Amino acid sequence: DVYQPAGQFADAKVAFCVHNIAFQGRFWPESWETLQLPESSRAKFEFEDGYNKVFSEITPADEVENAKEVSELGKMYPKLNWLQAGFMSADKNITVSPNYAKEVVANAEKGVELDK
């Protein structure tokens, strides 16, 4: 979205390999400006989930004892998602094995909400 429109790396191709789909790089949309990417790229990052917080290595989802603390039934929260943007920007998406590829596309839970 930056280099190819400027004529750089015009013939370059990207293969995006997923190793662990659970680690997606979800951030609040207010952090968009710090990325310094063109506004035309934003749609690739836009994502929603049902959690009112962003999980990280410091606050992983598996340590949340009560799901009600971080979610409200039916409510969605806008986020930015680096992994989703990678999928959408790549020329070819691959996984570490054929079995993992089948697993992550099986349903929304296995694909960790990247099923759209």
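What comes next concerns the included structure. All of these numbers come straight from a predicted model, not from anything done at the bench.

Residues that lie three or four places apart on an α-helix share one face, since the helix turns once every 3.6 residues. Inspection of helix α3 (residues 82-89) places Leu83, Gln84, Ala85 and Gly86 among the buried residues, and these make up the whole buried set. Looking at the buried positions of α3, the neighbouring elements they touch are β1 (15-18), α2 (42-45), β3 (46-49), β4 (77-81) and β5 (92-95). Here α3 starts with a cap whose side-chain oxygen sits 3.0 Å from the backbone nitrogen of Leu83, and that cap is Asn81.

Next up on the list: the pattern of salt bridges. With the rule as written, the count across this model stands at 5 salt bridges. As a salt-bridge pair, Asp1 and Lys44 come within 3.0 Å of each other at their nearest N and O atoms. With Asp1 in the segment before β1 and Lys44 in helix α2, this residue pair connects regions lying 43 residues apart in the sequence. Taking the relative accessible area as the measure of exposure, Asp1 reaches 45% and is therefore partly exposed. Salt-bridge contacts for Glu113 lead to Arg26; the nearest nitrogen and oxygen are separated by 2.8 Å. Taken together, the residues span a long stretch of sequence, with Glu113 in the segment after α4 (98-104) and Arg26 in strand β2 (residues 26-27) at a distance of 87 residues. On the accessibility criterion, Glu113 (27% relative accessible area) is partly exposed. Taken together, the shared-partner salt bridges connect Arg26, Asp49, Lys79 and Glu113 into one network.

Parameters at a glance
Residues numbered from 1 in each chain as written. Predicted model: local features only at pLDDT ≥ 70, side-chain atom pairs only at ≥ 80, totals over all residues. Heavy atoms only, no water. Buried < 20%, exposed > 50% of the residue type's maximum accessible area, 1.4 Å probe, protein only. Helix = DSSP H or I, 4+ residues; strand = E, 2+ residues; numbered from the N terminus. Contact = heavy atoms within 4.5 Å. Polar contact = N/O pair within 3.5 Å; in protein donor to acceptor, adjacent residues only side chain to side chain. Salt bridge = Lys/Arg side-chain N within 4 Å of Asp/Glu carboxyl O.

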